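Listed below, chain by chain, are the residues.
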Amino acid sequence: MTFIALLAAVSAVTFEQFVQWQYGTIGIVGLLLLTVGIKAKSPTCSSIGAIVLALMMTGPAL
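What counts, and at which threshold
Each chain carries its own residue numbering, running from 1 in the direction its sequence is written. At least 70 in pLDDT is required for a residue's local features to be given in this predicted model, at least 80 for side-chain atom pairs to be given and counted, and no such filter applies to totals for whole chains, interfaces and linings, which use all residues. Computation of side-chain values: all heavy atoms of the structure, hydrogens and water removed. Each helix corresponds to a stretch of at least 4 residues labelled H or I by DSSP, and each strand to a stretch of at least 2 residues labelled E; elements are numbered beginning at the N terminus. One less than the residue count of a helix, multiplied by 1.5 Å, gives the span that helix is expected to have. Contacts between residues were defined by any pair of non-hydrogen atoms, one from each residue, lying within 4.5 Å. Helix axes are fitted only over the stretch in contact, all axes being lines through C-alpha atoms; the angle between N-to-C directions runs from 0 to 180 degrees. An angle counts as roughly parallel when it lies under 35 degrees, as roughly antiparallel when it exceeds 145, as roughly perpendicular when it falls between 65 and 115, and as oblique in every other case. By convention the crossing between two helices is left-handed if the near helix lies anticlockwise of the far one by an angle smaller than a right angle, and right-handed if it lies clockwise.

**Some points on helix α2 (residues 43–58)**
- Relative to the 22 Å expected for 16 residues at 1.5 Å per residue, α2 spans 22 Å between its end C-alpha atoms, a close match to the ideal helical length.
- Against the buried residues of α2 lie α1 (2–39).

**Some thoughts on the packing of α1 against α2**
- The N-to-C vectors of α1 and α2 enclose an angle of 150°; their axes lie 7 Å apart at closest approach. By the angle between their directions, the pair α1 and α2 is classed as roughly antiparallel. Once α1 is placed against α2, the crossing between them reads as left-handed. The segment α1 lies against α2, with Tyr23, Ile26, Gly27, Gly30, Leu31, Leu33, Leu34, Val36, Gly37 and Ile38 engaging Cys45, Ser46, Ile48, Gly49, Ala50, Val52, Leu53, Met56 and Met57.

It is worth stressing that arrangement in space is one thing and function is another; only the former is reported here.
Structure follows, in structure tokens:
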């Protein structure tokens with residue numbers, strides 16, 4: 001059980017670092033809003049986070 005929790009924590013930190021490297025500070029803010037919205041069951045907060053991430057990913061294409 002401890003190994004699975006450690007593996008989940010390491011993968012979460014790795015994913016956050018990848019988003020930070022790829023999309024910068026705004027990407028981390030979007031990911032944070034999405035995560036907090038899901039944990040708090042707030043559709044507004046999670047929607048704003050998802051929109052920020054979607055805009056970051058499609059920004060160069062526009």
